[in-house]
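Residue-level structure breakdown
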Amino acid sequence: MKRVWMLLFVMLAALAVVFAVGTCGGDDDDDDDDDDVADDDSGDDDTGDDDSADDDSGDDDEECPDADEDGFQDEECGGTDCDDTDPDINPDADEVCGDGIDQDCDDVADDGCEVWMIETVDSGDDVGQYASLAITDTGKVGIAYYDADNRDLKYAESTGKAWTIQTAVSDGRVGTYASLVFNSLEDPCIGYYRSLISTGPYYATRTGGAWSTEEAYGGSGGERLRMAIHPLYDVPHMIFYTGGTSVLRYTRNSGGVWTAEDVDTNGYTRNSGLALDSAGLPHVSVQTEITISVEPEIIEEHLFYFRSDGSAWYEEEIDAGPHAGTYNSIAVDDDDYPWIAYTDDFLDDLKAKWWNGSMWRQWGVDTGLSVGEYNSIAIGPDYPGVSYYNKTFGHLMYAEYNGSYWSTQTVDEDGSVGRYTSLAYAPDGYPAIAYYDVNNESLKFARMTYIEEVD
Ligand SMILES: [Ca+2]
Ligand SMILES: [Ca+2]
Ligand SMILES: [Ca+2]
Ligand SMILES: [Ca+2]
């Protein structure tokens, strides 16, 4: 009699297991009492109840669906397909990089991929125009930028976690044409323009937590300024446009004294770039407006390259337009050779030039629609990269040279983003870009990261 009751009990228990497995996700609707049974049995199907489990395995396959017919059953009922509505997502699929989706069902999206991590650094007021990014060898990230609501110069800093936001300078209408560099002590140093006043350019630095400012070579104006500091010499260099005389002027601080020289006197100078070589000597790219003919009036924009050997400036017209270089930027590589990114404003393309020691090489980096504004070039671990704006779509772009050709990719396409780009490379060799989000009037930061491969 006792045996019969035992048998009945075992059969009932087996039925309960079959029911729990067979209902496939139905256990969510069950009462708490049943959940315990289902959870207990899901991990160990084959514990002592071998016969019943084997008998019912066929039923399990029918009940647990493979709706997308990729050969893997739905994860919801003990299968391994993490998305049973998409046949391209299953444990045998290849991970597709950069889409935020886990194609190979290992619980990590984009593993084994280099992806752009994007964050908003500052928002609320209209902040982020004139973004200028710098990264130290130890990984400290700084961004100087303009607060258009308060007309202040702001500064954001991160050492890997949260951002610290400061108003660096609020005296006067300040913050446009901000240009950030770290000195050898990793103190942020910012060149900036003060509008509605014919003084400047200005120089701000933070030492011991406090910001101090000074006028760098007075009375010139200082629009469109760019600054550079060589880490070995800690001497700030600036180039800037002088409102009154229309020339491009250069100033550097030597022993506490700012001295200046005129660089480009060919015409009305416009946007420009500045970089230093290993000897701390300046290399400059600049667009110059040249009057070709007075009657009829023909004005062209040409791209020039200047460099100084410490006593004299040498110039070269490197693109005779007719409309070139409205946006340009320059970097100097380990051989002390200049790389220049610039817009061809006739074709709306992004171009690059490189002095290879004997001649200028030239590339059409991105010849798609209307691209190249707000470009920023920097030297990566091996070759240069350029961040820039795709005006046609309002996207932030990044181009990279690999030694034989340039490739391009979209970094951020969320709304209208990618004006005022500023590119720098982190100590891990990956690029990072600060830029302005027009729709949200905010400062954004994108950083490429490698996500470790799972398996
Ligand atoms: Ca499936
Ligand atoms: Ca699937
Ligand atoms: Ca994955
Ligand atoms: Ca993916």
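Up top is the structure these notes are about.
Notes on the structure in this doc start here. (Residues numbered from 1 in each chain as written. Chains lettered and ligands numbered in written order. Predicted model: local features only at pLDDT ≥ 70, side-chain atom pairs only at ≥ 80, totals over all residues. Heavy atoms only, no water.)

Here's the deal with the coordination of the calcium ion (ligand 4)
When a metal holds four donors in a tetrahedron, each ideal angle between them is 109.5 degrees; when it holds six in an octahedron, the ideal angles are 90 or 180 degrees. The coordination sphere of the calcium ion (ligand 4) contains the protein donors Glu95 (OE), Val96 (O), Asp99 (OD), Ile101 (O), Gln103 (OE1) and Asp110 (OD), at a distance range of 2.2 to 2.5 Å. Metal-centred angles of 73 to 176 degrees between the six donor atoms at the calcium ion (ligand 4) mark the site as octahedral. Counting residues between consecutive donors of the calcium ion (ligand 4) along the chain gives the motif E-V-x2-D-x1-I-x1-Q-x6-D. For glutamate 95, a relative accessible area of 17% gives the class buried. Its relative accessible area of 43% is what places valine 96 among the partly exposed residues. (Donors = N, O, S within 2.8 Å, 3.2 Å for Na, K, Ca; no water. Tetrahedral: all angles 85-135°; square planar, octahedral: opposite > 155°, others 65-115°. Buried < 20%, exposed > 50% of the residue type's maximum accessible area, 1.4 Å probe, protein only.)

With respect to the pattern of salt bridges
In a structure, side chains of opposite charge can pair up when their charged atoms sit close to one another. Under the criterion given, the structure shown has eight salt bridges. In this structure, arginine 270 and glutamate 289 form a salt bridge, with 2.8 Å as the shortest nitrogen-oxygen distance. Linking arginine 270 in strand 16 (residues 268-276) with glutamate 289 in strand 17 (residues 282-293), this pair joins segments that are 19 residues apart in sequence. Its relative accessible area of 26% is what places arginine 270 among the partly exposed residues. Here glutamate 373 makes a salt bridge to lysine 391, at a shortest N to O gap of 3.6 Å. Of this pair, glutamate 373 sits in strand 24 (residues 371-379) while lysine 391 sits in the loop between strand 25 (384-390) and strand 26 (395-401), and the two are 18 residues apart along the sequence. Accessibility expressed as a relative area gives 45% for lysine 391, which makes it partly exposed. (Salt bridge = Lys/Arg side-chain N within 4 Å of Asp/Glu carboxyl O. Helix = DSSP H or I, 4+ residues; strand = E, 2+ residues; numbered from the N terminus.)

Topic: the sheet that holds strand 10 (residues 202-207)
If you trace the four strands from one edge of the open sheet to the other, you get 7-8-10-11, paired in antiparallel fashion. The two strands at the open ends of the sheet, each matched to only one other strand, are strand 7 (179-182) and strand 11 (210-215). The average angle at which neighbouring strand axes cross in this sheet is 20 degrees, direction not considered. In the sheet, strand 8 (residues 188-192) pairs with strand 10 via four bridges, with the strands oriented antiparallel. (Pairing = 2+ DSSP bridges. Axes fitted to C-alpha atoms, helices over the stretch in contact; angles between N-to-C directions.)

Some thoughts on the side chain of asparagine 90
Along the polypeptide, asparagine 90 turns up in the loop between helix 3 (50-63) and strand 1 (113-122). Look at asparagine 90 and you get buried, because its relative accessible area is 7%. Excluding residues within four positions of it along the chain, asparagine 90 makes contact with Asp70, Phe72, Asp81, Gln103, Asp104 and Cys105. (Contact = heavy atoms within 4.5 Å.)

Observations concerning the packing of aromatic side chains
Counted by the stated rule, this structure contains 27 aromatic pairs. Here tryptophan 116 and tyrosine 398 contribute two aromatic rings whose centre-to-centre distance is 5.4 Å and whose plane-to-plane angle is 70 degrees, an arrangement assigned as edge-to-face. Of the two residues, tryptophan 116 sits in strand 1 while tyrosine 398 sits in strand 26, which places them 282 residues apart along the sequence. Seen from their ring centres, tryptophan 339 and tryptophan 406 are 6.4 Å apart, and the 75 degrees between their planes marks the pair as edge-to-face. Taken together, the residues tryptophan 339 in strand 21 (residues 338-344) and tryptophan 406 in strand 27 (residues 406-412) connect sequence positions 67 residues apart. Like tryptophan 406, tryptophan 339 is buried. Taken together, the aromatic side chains of Tyr130, Tyr146, Tyr177, Tyr193, Tyr327, Tyr374, Tyr389, Tyr420 and Tyr436 make up a single cluster linked through ring pairs. Cation over ring: arginine 224 sits above tyrosine 241, and NZ or CZ is 4.7 Å from the ring centre. (Phe/Tyr/Trp six-rings, centres within 6.5 Å; stacked < 30°, edge-to-face > 60°. Lys NZ or Arg CZ within 6 Å of the ring centre and 35° of its normal.)

Examining the nonpolar core
Counting residues in hydrophobic clusters, the biggest one holds 18 residues, and the most contacted among them are Tyr203, Met227, Ile229 and Met238. Elements with a contribution of two residues or more to this core: strand 12 (221-229) and strand 13 (236-242). Examining the composition of this core, we find that three residues originate from one element, strand 12, more than from any other. (Core = buried A, V, L, I, M, F, W, Y, C linked by side-chain atoms within 4.5 Å.)

Points about the coordination of the calcium ion (ligand 3)
All of the protein donors around the calcium ion (ligand 3) are Glu95 (OE), Asp102 (OD), Asp104 (OD), Asp106 (OD), Val108 (O) and Asp111 (OD); their distances to the metal are 2.2 to 2.3 Å. Around the calcium ion (ligand 3) sit six donor atoms, and with donor-metal-donor angles ranging over 75 to 167 degrees the site reads as octahedral. For the calcium ion (ligand 3), the single-chain donor residues occur in sequence as E-x6-D-x1-D-x1-D-x1-V-x2-D. With a gap of 16 residues between them, glutamate 95 in the loop between helix 3 and strand 1 and aspartate 111 in the loop between helix 3 and strand 1 connect regions that are remote in the sequence. Aspartate 111 shares its class with glutamate 95; the two are buried.

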